[in-house]
Amino acid sequence: MIDINEIRDYCERRGFEVCSRMGERMGIAPGVVRMYFIYTSFLAFGSPLIIYLILAFWIKLKDYTRNSRHSVLDL
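Residues numbered from 1 in each chain as written. Predicted model: local features only at pLDDT ≥ 70, side-chain atom pairs only at ≥ 80, totals over all residues. Heavy atoms only, no water.

Caption draft 1: Seen up close, helix H3 (residues 30-43). The first and last C-alpha atoms of H3 sit 20 Å apart over 14 residues, in line with the 20 Å expected at 1.5 Å per residue. With its phi angle positive at about 60°, Phe45 sits one or two positions after the end of H3. (Helix = DSSP H or I, 4+ residues; strand = E, 2+ residues; numbered from the N terminus. Expected span 1.5 Å × (residues − 1).)

Printed below as a string of structure tokens:
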């Protein structure tokens, strides 16, 4: 049987890290950002989920471009 803590740990390790990065950038705890995201998801009927996925894609793309080129000669 799968424990809820195992699922939570898996999601936190393999998640998109959107809330943690937003929290770090704004100087707020990531837990607070997650809480407000959940509240707005309930109030706006899931539309923040689309924004979350767009931000996750943007962050992964930014990480990929930063890690792929280390010097000018890598072109």
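Caption draft 2: Representation of the pattern of salt bridges in the model. For the structure on display, the rule yields 2 salt bridges. Glu17 serves as the salt-bridge partner of Arg21, at 3.9 Å between the closest nitrogen and oxygen. Taking the relative accessible area as the measure of exposure, Arg21 reaches 27% and is therefore partly exposed. Its salt-bridge partner being Arg21, residue Asp63 comes within 2.7 Å of it at the nearest N-O pair. Pair noted here: Asp63 is in helix H4 (residues 47-68) and Arg21 is in helix H2 (residues 18-26), with a separation of 42 residues, a long-range link. One network of salt bridges, in which partners are shared, links Glu17, Arg21 and Asp63. (Salt bridge = Lys/Arg side-chain N within 4 Å of Asp/Glu carboxyl O. Buried < 20%, exposed > 50% of the residue type's maximum accessible area, 1.4 Å probe, protein only.)

Caption draft 3: Summary view of a nonpolar patch on the surface. On the surface, Met22, Met26, Ile28, Val32, Met35, Tyr36, Ile38, Tyr39 and Phe42 cluster together into a nonpolar patch covering about 890 Å² of accessible area. Listing elements by their share of the nonpolar patch, those giving two or more residues are H2 and H3. Counting residues per element, the nonpolar patch draws most heavily on H3, which supplies 6 residues. (Patch = residues over 30% accessible without salt bridge, like charges linked within 9 Å, V, L, I, M, F, W, Y side chains within 5 Å. Areas by Shrake-Rupley, 256 points an atom, 1.4 Å probe, with all protein chains shown as cover.)

Caption draft 4: Highlighting the packing of aromatic side chains. Within the structure shown, the criterion is met by 1 aromatic pair. Over the ring of Trp58 we find Lys62, and its NZ or CZ is 5.1 Å from the ring centre. (Phe/Tyr/Trp six-rings, centres within 6.5 Å; stacked < 30°, edge-to-face > 60°. Lys NZ or Arg CZ within 6 Å of the ring centre and 35° of its normal.)

Caption draft 5: The arrangement of the side chain of Ser41 in detail. Mapped onto the secondary structure, Ser41 falls in helix H3. Excluding anything up to four places from it in sequence, Ser41 contacts Gly46 and Pro48. (Contact = heavy atoms within 4.5 Å.)

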